[in-house]
Every structure is written in C-alpha cells, then in structure tokens.
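# Breakdown of the fold
Here is what each chain is made of, one letter per residue.
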Amino acid sequence: MKKINTFIIIFAAITLLFSCSQQGGKNAESANYEVVPLPLEITSAEGAPFALTSATKIVFPEGNDKMQRNADFLAEFLEISTGTKPAVTSATSEKNAIILALGLQNPNAEAYEIVINENTITITGATEAAVFYGIQTLRKSIPANAKSVVFQPVTIKDEPRFSYRGMMLDVARHFQSVDFVKKYIDILALHNINRFHWHLTEDQGWRIEIKAYPKLTLIGSQRKQTVIGRNTGEFDGKPHGGFYTQEEIKDIVKYAEDRYITIIPEIDLPGHMLAALTAYPELGCTGGPYEVASTWGVFDDVLCAGNDSTFTFLEGVLAEVMELFPSKYIHIGGDESPKVRWEECPKCQARIKELGLRDKDGHQAEHYLQSYVTARIEKFLNDHGRSIIGWDEILEGELAPNATVMSWRGTGGGIKAAQMGHDVIMTPTDYCYFDYYQTQNTDDEPLGIGGYVPIEKVYSFEPAPDVLTAEQKAHILGPQANLWTEYIKTSDHVEYMTMPRIAALSEVQWTQPERKNYKQFLTRLPRLLNLYDKLGYNYATHVFDVQAKMTPNFETNSLDVELSTIDDAPVYYTLDGTKPSAASTPYDGKFSIKENTEMKAVAIREGGNTSKILSERINASKASYKPVTLLSKPDPNYTYGGAEMLVDGLFGSSTNYKTGKWIGFSGVDIVAVVDMLEPTEISTAEVRTCVVTGDWIFDASEITLESSNNDSIFTVVKSQKLIDANTGHWADIATHTLSFDPVTARYYKLTLKPTVMPAWHPGKGRKAYLFIDEITLN
C-alpha cells in the first residue's frame, strides 16, 4: 500500500500548464479544468486570467446559511491547496471576488455553471448543492502544491447524469470510528457522491444504539474473536466491537447533510441477524443459544417469520432508525437469508399455512414468506413516509409494491426490476465491489475476499444497458459501489481499497457516456492523486505499474506482447526470469514469444524510481497459439477473452477465478477443438481446473481426449473419470494429465464434464461450475 508520490508529482508537473500574470506573480500556475469527474462543457474564453491573492473575497447571498457554509468550505479548500484563505462575506464585490450564487435555470437540481474572467469567478447553481459541486470542480482544478494560482477565462456548464450516486461502507464486520466515518464522507464529497449507504448490522456485530432494545449494543455489538484468514478455523483471540450512540449518529448525519450527502442506513433483515439473535434469542426459530459470529459467510439462523414478536422488534428498531435518519430510503437488506430454519419451524410453517403460501414459479413457499416479511415492513415504513431499498433477492417470490431494488448479483435483477416498473440502483459485483482485489498480482496485496475489479473495469461500467427502453432506463436511479469489510480491518485499508477506484466510479455516476474515455481519464487522474497526497489519503498505485496486453497471434503462431504505462515511462524487460533494470532490453514496441518464457518488466522513472515488477510466465506447448474452437458456451459472466485463452500459454496463478485467466462454464460440458494446422504427434494432454466449492465451482468429473484428421470423425484417445472424495469445502488448482502412446493427428478435441454437486453441498444434485485456464498438448 506504499504510495509512489514521486511518480505522481513528476507526472503532474508534466501535465500542468504554467502561466504568468502580473496579478499572480511570475511563477503562478494555471488551474486545469479537466478534473474528475469531467464536466459536461468547458469553453475557453479570451482575456486575462483571474489571480487568487490574499485580497480575494468569497461572496455568498446574505441570509442563506447553506451558501455561507459553501463559502466557508471553499475558503478552507483554497487554503489547503494554496495556503491562501480568502475572507468570506455577503457584501457585494465586482473585483477580485469568487461569487457564489443561486438562480441557474436548469431542470437538473444539481446543475451549475462557472464563469471566470479577469475580475471574478462566479459559480451559479440551480440549488445550494449544485453550487457545492461547482466548488468541488474549482477546488480540483487547482494544482495541489501550487503556491500561486491563476484561473484562465472559461465558462463551465455541468450537471450529473444520475441523481443517485452512491457509495457503501460496511462497519459491521469491522467497526470504524466516528472520526473516520466523517473522513470517509469527505472522500465521497470530493468525488461528487451524494448517497452514503451505511451498513450498520450484521451477523458479526450490531453497530447502532436502539434505546428500546439496549442488549443489541450491550451484547450484539461485541464478538469474542475473529477468524484468521478465510475461515481457516484459527482465531485471533481478540474481542472486537463498537457501536455508534444516537448522539454520534445525529452528528454524523448532520456532517453528511452539510456536504449534501444523504445517509441511507441499512438494517439487514431477516437474515444476517446473528448479533441481534444473540441479544434476543427469542426472536429466532430455535430460541438459541446463539453467538455473535466470529467467522464469515451466510448462517442458517435468521429472524423467525412466524413469531409476532419479530415484527414488534423490527418496527421498534425501524421507528428509532427513522428518528435518526431523515433519508427517504431505509435499506432493509433481504439478501442471503437461508430458509432452512423456516422449513423446520412450526411457527413459520403455521404462518405459511395461514397466508395460503405454496411453492410456485420455481420458488418455495418459504421464499414467499420472505416476500411477506418484506411487504409487511415496507407497509410500516410507507405509513411513516419512507420507502425501502432491498438487495435483489427481494425479487425472489413477490416484489413488494413500492420497493427499490439494489442489483448486486450482476445487472440482471436490476434489468428485471426496471422492466417491472421498479426503481433500481445498480451495484453489480463485477464492477462495483471494492472489497475485490484491484490487481491480478495479489502476492503483495493485503488479504482480500478475492475477485478482481481493476479501475479500468469500474470505469467501463454502464448502469443503464441498452436492453432497456428509454422509459425503463428512467428507473435506473444510478450506480453505487460497495465496500464490505470482512478482510478490511483498518481505516487505512478502507482508503486503499476505495481510492482511486472511486474516481472511476464518479465518472460513471456523473459524466455522460459520450464524454467518457478511459485513456483520457488516466491523463487527468494523477492531478487528483496529487490532491489525495495533499489531504493525507492512502490509495492504491496500481495505475503506475507496467500493464501488459498479451494476445495469441494465430497467423504467426506466437504470443504478441505489448507493454505500457500511464505516463509513457521508459520500460525495460527480460525474458529469462532475471530482475529487469535500466541495463535490460528497453521496450520499444510489440514483440512476440513462442517458447517457454518468464518475462519480467519494470518502469524506471526520473530519479531512478521504479514501479512494481510485472512478472508473467508463458507455458508454451504444441497447442499454444493454434486455432481453437469452443463447441460449448461459457457463462457470460466468465467468458473473458473467450476460446483463445485456452491456448495463450498463460496459467491462472491462484484460485481467484475472476482475474480473467480462467474461463468458466455453468453446468455444461466444456468441449474444445484445437487445430494443430498439420498432423502433430502428442503423448500427453494436460488441463488445470480451478476449484472453489464454496462458490459452487468443482473439479471435472470426466476428461476425454479425441483425435481427428478431418475435424469431423473423432476417435477417443484417452478418457479418465475423476472422483472427488472430499466431504467438505475445498479450494485449489487441480492439474490433470492424460498420458498415452503417441498419437498423430491434426485436430484434438478435449471434453470436460462437470460434477454433480454432492449431498453435503447446498447445491446438491445440480451440475457445478467448471473453470479451466489452458489446454496443454505435448
């Protein structure tokens, strides 16, 4: 997590424009209006620049407390960036003034306009919030280390694409202090985010004081210890806990409101309630005893839906939540709520019978029982003028009439909800889960939950897919990113996982799609990172690493390699596994690899500052870089580079199946045919599968190799059945080698059959996912 500040300073120095003016002094630096997120319109004008001096005043409309607060914020921001803190006044001034004004005629309530000339900077907004976003743009335009700054004449017109721009923080798995929550809110404000989704309750801890139920925090806020690693069975032996008093929450809500951020609290129900059940065991189906969870995952014990006291409890909790949070929306979770206890609970079964619920449309009666819980809580909140948000599991059964769906398991749930006329917040794991790794090379990263969401992937997200009509797209309120904290203990780690991916998120949320361009975004990003440094933020620096694009070339039967950096820094590489240095081969364009190779590359910047070393091992075989055809269809979520991945010579380095090195199939045979281009003798075939049974990914159950000389009639060369004797979850890379007497043929067909999940697994009886990375023939 160590920053490479020098790299950023160097790059910022290259990209900044310098200008001189009599007012600003000889070494005044010009503001750069191409900030993050990128404004809608930036129109340069003629004339002398505006110079920020000690005599500059910030003018706000008299009698408007919000605008006075905006002015105070701007004065503080300017002091941080330049050392100059202008005076704040409501007295009219037409020279050397930054004027904050209302009255912009625009149907978008967050639209603003900035007009700069020699005498004034005028920020006019449709609302006070809009002026605040104009202030953020002005603030970010200033070089972070400028001693003197001038603003070239310009007109900036800007407004956000989405009205809902969210970011979530889970403080239930690992508690964060009040001071850090406020810092996190400041980070959101810097990126024009206006919704803070605060995940306050979990199996591992209850973090909000509820006066009617004091044991929620007395007992439920503390767990006796925390598992080490990924549910290893070993524990740290250290109690972990904490909660926010109602007075602290009121303070945080006000802090966010001052920055035009609405806090949406989440009380997750009816699952993820072990902490509450530990405090009040009578609310569960079994009556306990229960224990605040010390491990991660999904637990069978949930609130009893057949118990009337459950609803008394939930209404009592939510009544106090509504007193603390003025948000229109209350998030009630609804995700990952197993039905095991309800299936066996007499009270729940009696409730099902009373309501006349039954299995239908592929859902159990217990799913409709959860729909009943959701609808009953929604009515309670609606009666108090509030609306619910729920995770996309609330679509299973019957969707509550006025519910907003937060789509996390891909975009499919959100698309379905929008087509049904429901409002949607898009937060799919593959683009918006910031607890996922942000680099493929995880050896030097803090332990994470897995996954792979690099900043480029975040930037590529389109929250309103074209499969929706214009009317349906209007139901997409906006996108949100989520930061779950099972493996994120410290505030520094929270910042590291959030930034700079939140910068990419902010352009997805704010900027019109036709204005988005990832390469251009990368030229603007270092100026924002420089501001992060100024503010003392801890952020990831992977954008400065060497990036490699490695593509099989089926014409030359080789692997084409292209190396790049964000700032075109000199790159040096080796192909023999040795550590690269300035004495190594300088990269000057695409090159090709045909044999087994261990490539390493490094960027060396001014002053000898080096990037992390990029390392890739190429495992070439006779099948490598030969045409390959998939006769079965990969899962759309795990297709990545498609069939050519199977012959690119690149292995998956871990069981993180989301890095793009593994290709995944859902419950179907994998059938691939490799064209060797000419009759080729082989005596071994090797495949590797990625196994993560906790995610329903199993090893193959059978592997068959066939040969042909006409790509039509195939003969079996070798077949092998595989038996998985494990009786519990496991994760590993399984390597399978078929050895046989030499065979000569032009075409080789490899078939892998998926496993039917065993009785001990929650997916018992279903065909599992199957992931492979490479076909090796020798």
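The next subject is the sheet that holds strand 3 (residues 50–51). An order of 1-9-3 is seen for the 3 strands of this open sheet, with the pairing classed as mixed. The open sheet has two edge strands, strand 1 (29–30) and strand 3, and neither has a second partner. Sheet topology note: the strand 3/strand 9 (residues 149–151) ladder contains 2 bridges and is antiparallel. Across the sheet, the residue bridging to Phe-50 is Phe-151, located in strand 9.

What follows is about the nonpolar core. Phe-151, Trp-198 and Trp-206 are the most contacted members of the largest nonpolar core, which has 168 residues in total. Look past the residues within four positions of Trp-198 in its chain and what remains in contact with it is Leu-169, Val-171, Val-181, Tyr-244, Ile-249, Ile-252, Ile-263, Ile-264, Pro-265, Glu-266 and Phe-325. Residues Ala-623, Ile-663, Ala-700 and Leu-738 belong to the second largest nonpolar core, which totals 32 residues.

Here Leu-563 lies in strand 24 (residues 558–564). Taking the C-alpha atoms as reference, Leu-563 lies 5.6 Å from Gln-547; in sequence the two are 16 residues apart.

Turning our attention to the sheet that holds strand 29 (residues 614–618). Backbone hydrogen bonds hold the strands of a sheet together, and the pairing may be parallel or antiparallel. With antiparallel pairing, 4 strands are arranged side by side in an open sheet as 26-25-28-29. Whereas interior strands pair on both sides, the edge strands pair on one side only; in this sheet they are strand 26 (585–586) and strand 29. Where strand 25 (residues 571–574) and strand 28 (residues 597–603) come together, 4 bridges link them in antiparallel fashion. Looking at the pairing, Thr-574 lines up with Lys-600 of strand 28.

As a further point, take the confidence of the model for the chain. Interpreting fine coordinate detail is not advised for predicted regions of low pLDDT. Mean pLDDT over the chain works out to 95, with 97% of the residues at or above the 70 mark. Long-range and interchain partners of residues 6–23, a stretch whose pLDDT sits below 50, account for 46 contacts in this model, where long-range means more than four residues apart.

Definitions and limits used
- Just so you know, the residues in each chain are numbered from 1, in the order the chain's sequence is written.
- Reporting in this predicted model follows two pLDDT cut-offs: at least 70 for local features of residues, and 80 or more for side-chain atom pairs to be given and counted; totals over whole chains, interfaces and linings ignore these cut-offs and use all residues.
- With hydrogens and water stripped out, all remaining heavy atoms of the structure feed into the side-chain values.
- Whether two strands pair depends on DSSP finding at least two bridges between them.
- For helices the rule is a DSSP run of H or I covering at least 4 residues; for strands it is a run of E covering at least 2, with both sets numbered from the N terminus onward.
- In this description, a nonpolar core means a group of buried Ala, Val, Leu, Ile, Met, Phe, Trp, Tyr and Cys residues linked to one another through side-chain atoms lying within 4.5 Å.
- Burial status follows relative accessibility: with a 1.4 Å probe on protein chains alone, a residue under 20% of its type maximum counts as buried, one over 50% as exposed, and anything between as partly exposed.
- Residues count as neighbours in contact if any of their non-hydrogen atoms are within 4.5 Å of one another.
- Per-residue confidence from the prediction method is given by pLDDT, with values spanning 0 to 100.

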